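# Examination of the molecular architecture
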Amino acid sequence: CYVPMPYKEKAAIVVESPDPSFTYQINYATFPADTEIASFSLTNNRADYEYFEDWQKEWNTANFQLTDKKTETYRHSRHRYYPDKNVLLYTNYGPGVITELEFMAESASDEILANAWLQVNVDGQKNPSILCPLGALFGSPVLDGSNFTSLPVGRDGTRMWFRFPIPFRDSIEMRIINGGTQILDMEYYIVTREGDIGDQLYFVARQESGATSAGQPFRAADIQGQGHFVGMSMGATGGENLEFLTGDDTIVVDGKSMDAQQGTGTDDFFNGGWFFSENPYDGPMAGGGYKSATAPTGFAAARGFVNDAIPFSESLTIDLEHGQDNNAPGMHYDTVVYWYQTSPEAPLKPTSAFDQVRELYAKRAR
């Protein structure tokens, strides 16, 4: 449940359960004493009912794209992207916000979506805001054709969508880097809202990939600067069983151990508890399209932190245990972390996965 429950002075949550194995996780935020807050109530007033009626009408008519035809425009096209090419996909001049990307690959094979990368640069950035394989960016680092339909990212067959807003003040450029051996035949929609973006921050998506090591957690994110974390997709393969999912996630804000947030398991982090017992599954902010309970075990899932974004002033790190004591070495972890930051320049730390397209990216950079 991600319904915000504000309180002026105090809050108490009481659960009665005869089950001694009952576990829970509660996330909360505190604000300055003079913050104006209306305390939570389960009773809806007239304005609440009108809001939800309008909300329901909008969603019932949304169909596939969530485009607001009054304020947004979309570009629709289709191209073939040949192997060993770095090709311009889209360019626009600001100010404005990309509100939705929708890609439909004619062939969504593992090889194509793992080796075709999306590169996005805004406002003349030296380093791109987005530099990720298509499959991982859209929440499917491990592919088997299964679907999930969460709001931020998702997949329905060959159709994939991405709805984290990407603001730009002066310009935006998107490119496809095809580092594979197959042709990417892709149809796409790009939805844009033009106009002043105010104080919106810069969006960043970065991939981390590699093998787990005995006794050491996998570091999914190491972010320096100021901003807020809004989501992550992840795939894992190569396990002997699913016990690696008992590994907790640890989020450290601004390097202070007292601010460390430790979760209750990797599956819980993606809202898929009990080893993704209902996989494939989906919800408004989280979903998963893949789970293998027999060796080699693994999963793929994604979660958006929209109502519960995590702000940071100096830094943010995310570590993922593999097993309770980091005792599942040799697995392959693949994560994409999504965040917003105040600085227009995003760090670029090439990973082992990036090695396969490094030369193509460098050619474009020159």
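Below you will find a few notes about this structure. (Residues numbered from 1 in each chain as written. Predicted model: local features only at pLDDT ≥ 70, side-chain atom pairs only at ≥ 80, totals over all residues. Heavy atoms only, no water.)

## Details of the overall build of the chain
Secondary structure summary: the chain contains 6 helices and 21 strands in total. Relative to the compact-globule value of 21 Å for 366 residues, the chain shows a C-alpha radius of gyration of 21 Å, a close match. Along the longest, intermediate and shortest principal axes, the C-alpha atoms of the chain span 60 × 50 × 40 Å. Classification of the 366 residues of the chain by burial places 46% in the buried group. Sequence-distant contacts in the chain: of pairs separated by 6 or more residues, those separated by 24 or more amount to 79%. Within the structure as shown, the chain displays about 19300 Å² of accessible surface, and the carbon and sulfur contribution to it stands at 50%. Positive and negative charge centroids in the chain, built from 27 and 49 side chains respectively, lie 8 Å apart. (Helix = DSSP H or I, 4+ residues; strand = E, 2+ residues; numbered from the N terminus. Rg over C-alpha atoms; globule rule 2.2 N^0.38 Å. Buried < 20%, exposed > 50% of the residue type's maximum accessible area, 1.4 Å probe, protein only. Contact = heavy atoms within 4.5 Å. Areas by Shrake-Rupley, 256 points an atom, 1.4 Å probe, with all protein chains shown as cover. Lys, Arg positive; Asp, Glu negative; His and termini not counted. Charge placed at Lys NZ, Arg CZ, Asp CG, Glu CD.)

## Notes on a negative patch on the surface
Residues Glu53, Asp54, Glu58 and Asp68 make up a contiguous surface patch of negative charge. The residue Glu53 is located in helix α1 (residues 46–60) in this model. (Patch = residues over 30% accessible without salt bridge, like charges linked within 9 Å, V, L, I, M, F, W, Y side chains within 5 Å. Salt bridge = Lys/Arg side-chain N within 4 Å of Asp/Glu carboxyl O.)

## Topic: the nonpolar core
Among the nonpolar cores identified, the biggest contains 41 residues, and Leu89, Phe103, Leu118, Leu134, Phe162, Met174 and Tyr338 are the most heavily contacted of them. One finds Ile223, Met234, Leu242 and Phe269 within the second-largest nonpolar core, a separate group that totals 32 residues. (Core = buried A, V, L, I, M, F, W, Y, C linked by side-chain atoms within 4.5 Å.)

## A word on the pairing of strand β7 (residues 159–162)
On β7, burial covers both faces: Arg159 and Trp161 on one face and Met160 and Phe162 on the other are all buried. Bridging between strand β6 (residues 153–156) and β7 involves 4 bridges; their strand directions are antiparallel. For Val153, the partnering residue across the bridge sits in β7 and is Phe162. Between β6 and β7, which follow one another and run antiparallel, lie 2 residues, and Gly157 among them has a positive phi close to 65°. (Pairing = 2+ DSSP bridges.)

## Quick word on α1
Helical periodicity: at 3.6 residues per turn, an α-helix aligns residues three or four positions apart in one direction. Taking 1.5 Å of rise per residue, the 15 residues of α1 would be expected to cover 21 Å, and the 21 Å separating its terminal C-alpha atoms lies within 8% of that figure. One side-chain oxygen at the N-terminal end of α1 lies 3.1 Å from the backbone nitrogen of Ala47; it belongs to Asn45. (Expected span 1.5 Å × (residues − 1). Polar contact = N/O pair within 3.5 Å; in protein donor to acceptor, adjacent residues only side chain to side chain.)

## Points about empty space enclosed by the protein
Summed over all chains, the structure comprises 3 cavities of 30 Å³ or more. Estimated volume of the largest cavity: approximately 70 Å³. Lining the largest cavity are Trp117, Leu131, Arg206, Gln207, Leu348, Lys349, Pro350, Thr351 and Phe354. Its residues placed into classes, the lining of the largest cavity shows 5 nonpolar, 2 polar and 2 charged. (1 Å grid on protein atoms, 1.4 Å probe; cavity = no way out; pocket = protein on both sides within 12 Å on 5 of 7 lines; lining within 4 Å. Points joined across faces, edges and corners; volume = space filled by probe spheres on them. Nonpolar A, V, L, I, M, F, W, Y, C, P; charged D, E, K, R; others polar.)

## Here we look at the pattern of salt bridges
Evaluation of the coordinates by the stated rule reveals 10 salt bridges. As a salt-bridge pair, Glu50 and Arg46 come within 3.3 Å of each other at their nearest N and O atoms. Residue Glu50 and its partner Arg46 are located together in helix α1, separated by 4 residues, close to a single helical turn. Exposure remark for Glu50: the relative accessible area of 39% places this residue in the partly exposed category. Residues participating in the shared-partner salt-bridge network are Arg78, Arg80 and Asp185.

## Side note on the packing of aromatic side chains
Counted according to the given criterion, the structure contains 21 aromatic pairs. Here Phe138 and Phe162 contribute two aromatic rings whose centre-to-centre distance is 6.3 Å and whose plane-to-plane angle is 80°, an arrangement assigned as edge-to-face. With Phe138 in the loop between α3 (134–137) and β6 and Phe162 in strand β7, the pair connects residues that are 24 residues apart, well separated along the chain. One exposure class covers both Phe138 and Phe162, and it is buried. Here Phe244 and Phe299 contribute two aromatic rings whose centre-to-centre distance is 6.3 Å and whose plane-to-plane angle is 25°, an arrangement assigned as stacked. Taken together, the positions of Phe244 in the loop between β13 (227–239) and β14 (249–253) and Phe299 in strand β18 (residues 297–304) put the pair 55 residues apart, joining distant regions of the chain. A relative accessible area of 2% means that Phe244 is categorised as buried. The rings of Phe218, Phe229, Phe244, Phe269, Phe270, Phe276, Tyr281, Phe299, Phe305 and Tyr333 are connected pair by pair, giving a single aromatic cluster. Over the face of the ring belonging to Phe269 we find Arg303, whose NZ or CZ atom lies 5.6 Å from the ring centre. Here Arg303 stacks its cationic end above the ring of Phe305, 3.9 Å away from the centre of that ring. (Phe/Tyr/Trp six-rings, centres within 6.5 Å; stacked < 30°, edge-to-face > 60°. Lys NZ or Arg CZ within 6 Å of the ring centre and 35° of its normal.)

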